[in-house]
Amino acid sequence: MTRGAVSGIVGGLVFGLIMAQIGFLPTVAAIVRTDSVVLGFAVHMLFAMIIGAGFGLLVERQRAQAGELLFWGLVYGAFWWFLGPLTLLPILLGRPVTWDLTSGQSLTPSLFGHLAYGAFTAAAYAWRQAPSAPVRLATVVRGAVAALVSAAVLVLGLNVMTGRTPYELLVAAPFAGAAYALLFGGRSEGTGPALIRGMVYGFAWWILLALTLPGLLDDGRLDWSIAMVREDLPALPGYLLLGAGTGAVFTWLGGLALVLFADDVRRLQPDPLGVPRLTAAAYGVALGLVAGLFGALAAGPLGLVEGVVAGVTYALFFRGRSFDPVSGLGWGLSYWFLWWLLGPLILLPVLRGAAPSPDLAAAFPALVAHLVAGAAVGVLYNLLEERANPWWLTRGQSAAERANALREQTLGSAPAIWTLVLLLAVLVPTLVAT
């Protein structure tokens, strides 16, 4: 708890500087019936310390590593944005609580400030934690290469809009990839979780490079207003896909290196706790046809094809990764959100001979269909996979392995990642709505 409070002070200092930039300190000062910026900052730091202590209680049993805690910090910051400026602050100021679209949009700068608070609080909490293993230079290079490959496919291959300049993503890719390796290079996970982890990681880079740095470099000020966020919103899919691609390619390169250079056969793990690949593919086809029915309603035959491809790849990428209906729901929703970016916004326009579409508002109905399809596929695939019993394990051993794997997944950042994907799914239509 003390460690969390100290971490909250670090995050509060960063957030305090942000609040001074966006002009929010007088509002905080109004809680104690004054307009003094100094008193507002003092009240803010007191709250930051108390909220930081709460973060310490939240993650006390989690893996205290920077990569894992980053996502918990972002979730915690988003939670306090809803509980603080949207809920408690109006009550303290004697105003009615209004959870409407206008209030949310007007407090957009505060949302990104709370996300920054959560990220820096998490970083401070993990600062004194000894790393599980040092990250080698080869791993950092692998991360940079993975990000460059992903950016090249997006920018040069698919002509995805990635920022104010055409090659912004290519310039940012090596730095994002190297940082990805430093944060997550010690993890061993499959393609599916790496895709989703990378996608949420790309969201953080969009905030940093598209929303934050241009304003600071131009005139030394932050501009997180709703107007500026909408101006930079077309770059969001590119950054999300850059992160997803980085996670996937990084994992594939690591697997290739393991096969080619590992001299200890015990490191070459057998199939994960799930159904065989061929069976998984069959399940994916069946579930993909169900998901494709949703896509066909909006996109015709191409939507049906997208559903089948998404279903098969989901079954293969997440084989042995969902251990109960909740984790199946989380991975399914997250993966179909990724396919909303890939399908209606990128691949379907390209297949029709058009440019990728940056119009997120027009694609909102497809987002709803994708989330419904993902939820259904994730839960159904989990139910099918639960019936599997690997030949090398008894049924009791299989149940114990699944329970242990579920515990490890919960102690990591998977629940936080699923929550952040839901935040993205809510944030996009909120920002584009007028």
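None of the values given here were measured: they were computed from a predicted structure. (Residues numbered from 1 in each chain as written. Predicted model: local features only at pLDDT ≥ 70, side-chain atom pairs only at ≥ 80, totals over all residues. Heavy atoms only, no water.)

*Asks:* An account of the overall build of the protein is needed here, citing residue identities and associated values.
*Replies:* Of the regular secondary structure elements, the protein holds 17 helices and zero strands. Out of the 434 residues belonging to the protein, those deemed buried represent 51%. The long-range fraction of contacts in the protein, counting pairs at least 24 apart against all pairs at least 6 apart in sequence, stands at 76%. As displayed, the protein offers around 19,800 Å² of accessible surface, 70% of which is attributable to carbon and sulfur atoms. (Helix = DSSP H or I, 4+ residues; strand = E, 2+ residues; numbered from the N terminus. Buried < 20%, exposed > 50% of the residue type's maximum accessible area, 1.4 Å probe, protein only. Contact = heavy atoms within 4.5 Å. Areas by Shrake-Rupley, 256 points an atom, 1.4 Å probe, with all protein chains shown as cover.)

*Asks:* Can you break down helix H3 (residues 37-58) residue by residue, with the values?
*Replies:* Compared with the 32 Å implied by 1.5 Å per residue over 22 residues, the 31 Å span of H3 between its first and last C-alpha is a close match. For H3, every residue scored as buried is listed here: Gly-40, Val-43, His-44, Met-45, Ala-48, Ile-51, Gly-52, Ala-53, Phe-55 and Gly-56. Backbone nitrogen of Val-38 and a side-chain oxygen of the N-cap are separated by 3.3 Å at the start of H3; the cap is Ser-36. (Expected span 1.5 Å × (residues − 1). Polar contact = N/O pair within 3.5 Å; in protein donor to acceptor, adjacent residues only side chain to side chain.)

*Asks:* Could you give me a rundown of a nonpolar patch on the surface, with the residues and numbers involved?
*Replies:* Taken together, the side chains of Ile-9, Leu-13, Leu-46, Phe-47, Met-49, Ile-50, Phe-82, Leu-88, Ile-91, Leu-92, Val-97 and Trp-99 define a hydrophobic patch exposed on the protein surface, amounting to about 1,100 Å² of accessible area. Listing elements by their share of the nonpolar patch, those giving two or more residues are helix H1 (2-22), H3 and helix H4 (66-92). In this fold, Leu-92 is placed in helix H4. (Patch = residues over 30% accessible without salt bridge, like charges linked within 9 Å, V, L, I, M, F, W, Y side chains within 5 Å. Salt bridge = Lys/Arg side-chain N within 4 Å of Asp/Glu carboxyl O.)

*Asks:* An account of the packing of helix H9 (residues 191-219) against helix H14 (residues 325-351) is requested, with residue identities and associated values reported.
*Replies:* Viewed as axis vectors pointing N to C, H9 and H14 meet at an angle of 65°, and their least axial separation amounts to 10 Å. Classified by chirality, the crossing of H14 by H9 is left-handed. Contact residues: H9 offers Pro-193, Leu-195, Ile-196 and Met-199, while H14 offers Trp-331, Ser-334, Tyr-335, Phe-337, Leu-338 and Leu-341. Taken together, the residues that form the contact of H9 with H14 break down as nine nonpolar, one polar and no charged. (Axes fitted to C-alpha atoms, helices over the stretch in contact; angles between N-to-C directions. Left-handed = near helix turned anticlockwise from the far one by under 90°. Nonpolar A, V, L, I, M, F, W, Y, C, P; charged D, E, K, R; others polar.)

*Asks:* Break down the packing of aromatic side chains for me, with residues and values.
*Replies:* Throughout the structure, instances matching the rule amount to 26 aromatic pairs. Geometrically, the ring pair formed by Phe-15 and Tyr-117 is tilted, given 6.2 Å between the ring centres and 40° between the ring planes. Of this pair, Phe-15 sits in helix H1 while Tyr-117 is found in helix H6 (residues 108-126), placing the two residues 102 residues apart along the sequence. The exposure classification of Phe-15 matches that of Tyr-117, with both residues buried. Ring geometry for Phe-71 against Phe-184: centres 5.7 Å apart, planes inclined by 10°, an arrangement best described as stacked. Residue Phe-71 is located in helix H4, and its partner Phe-184 is located in helix H8 (residues 168-184); the two are separated by 113 residues in the primary sequence. The residues Phe-71 and Phe-184 share a single accessibility class, namely buried. Aromatic rings pair up to connect Tyr-283, Tyr-314, Phe-317, Phe-318, Trp-331, Tyr-335, Trp-336, Tyr-381 and Trp-418 into one cluster. Sitting over the ring of Tyr-125, Arg-3 keeps its end group 4.2 Å from the ring centre. The aromatic ring of Phe-250 is capped on one face by Arg-142, whose charged end is 4.0 Å from the ring centroid. (Phe/Tyr/Trp six-rings, centres within 6.5 Å; stacked < 30°, edge-to-face > 60°. Lys NZ or Arg CZ within 6 Å of the ring centre and 35° of its normal.)

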